[in-house]
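So the chains spell out like this:
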Amino acid sequence: KDQLRGTAKYGKVGSSTSANAWTVPFNKEKFNEFLFATGDCQKWLVAKKWSVMGWYANQPRFVEKSSANHHRYKARWYRRHRN
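Reading the values: the criteria
Residues numbered from 1 in each chain as written. Predicted model: local features only at pLDDT ≥ 70, side-chain atom pairs only at ≥ 80, totals over all residues. Heavy atoms only, no water. Salt bridge = Lys/Arg side-chain N within 4 Å of Asp/Glu carboxyl O. Helix = DSSP H or I, 4+ residues; strand = E, 2+ residues; numbered from the N terminus. Phe/Tyr/Trp six-rings, centres within 6.5 Å; stacked < 30°, edge-to-face > 60°. Buried < 20%, exposed > 50% of the residue type's maximum accessible area, 1.4 Å probe, protein only. Lys NZ or Arg CZ within 6 Å of the ring centre and 35° of its normal. Core = buried A, V, L, I, M, F, W, Y, C linked by side-chain atoms within 4.5 Å. Lys, Arg positive; Asp, Glu negative; His and termini not counted. Polar contact = N/O pair within 3.5 Å; in protein donor to acceptor, adjacent residues only side chain to side chain. Contact = heavy atoms within 4.5 Å.

Colleague: So what about the pattern of salt bridges? Which residues, and what values?
Modeller: Within the structure shown, the criterion is met by two salt bridges. For E33, the salt bridge goes to K48, with nearest N and O atoms at 3.2 Å. Taken together, the positions of E33 in strand β1 (residues 33–37) and K48 in strand β2 (residues 44–48) put the pair 15 residues apart, joining distant regions of the chain. One salt bridge connects R72 with E64, and the closest N-O pair in it is separated by 3.2 Å.

Listed below in structure tokens is the structure:
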């Protein structure tokens with residue numbers, strides 16, 4: 001909802017097993033990696049903040065590791081401006 005800026009707050013704060021989506025603001029936190037995961041955490045990936053941020057379409061971006069590959073690799077990603 002906030003394009004990964006960390007300003008959104010929605011849902012009832014829960015845990016990794018919560019049935020509903022939720023988030024808390026993190027824009028004032030210092031961090032250098034994102035963890036993206038499916039709801040059941042079966043598929044996940046870790047990417048550096050500098051690799052994720054910016055606007056791009058079908059561009060290779062570094063993935064530090066994932067459920068498919070525990071070594072650093074590039075994958076084509078999309079991060080577009082909201083219409």
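Colleague: Any details on the packing of aromatic side chains? Residues and values, ideally.
Modeller: Applying the stated criterion across every chain yields a total of six aromatic pairs. Note on F34 and F36: the rings are 5.6 Å apart at their centroids and 20 degrees apart in plane angle, and the pair reads as stacked. What makes F34 buried here is its relative accessible area of 8%. What makes F36 partly exposed here is its relative accessible area of 27%. Both rings, one in W50 and one in F62, keep their centres 6.1 Å apart while their planes meet at 65 degrees; by these two values the pair is edge-to-face. In this pair, W50 sits in helix α1 (residues 49–52) while F62 sits in strand β3 (residues 56–63), placing the two residues 12 residues apart along the sequence. Overall, W50 belongs to the exposed group, its relative accessible area being 54%. An aromatic cluster is built from F26, F31, F34, F36 and W77, whose rings are joined through pairwise contacts. Just above the ring of F62 sits the side chain of R72; from NZ or CZ to the centre is 3.8 Å. Taking the ring centre of W55 as reference, the NZ or CZ of R79 above it sits at 4.1 Å.

Colleague: Break down the nonpolar core for me, citing the residues and quoting the values.
Modeller: In this structure, F34, L45, A47, V52, Y56, V63 and W77 together form the largest nonpolar core, which totals seven residues. Put simply, the parts of the chain that give this core at least two residues each are β2 and β3.

Colleague: I'd like a rundown of the side chain of R79, residues and numbers included.
Modeller: Topologically, R79 is positioned in strand β5 (residues 73–79). Within the buried set, R79 has no salt-bridge partner at all; the shortest N-O distance to an opposite charge, 7.3 Å, is to D2. Polar side-chain contacts of R79 include one of 2.4 Å to the backbone oxygen of Q3. In this structure the side chain of R79 is engaged in a polar contact, spanning 2.7 Å, whose partner is the backbone oxygen of G54. Excluding residues within four positions of it along the chain, R79 makes contact with Q3, L4, V52, M53, G54, W55 and Y56.

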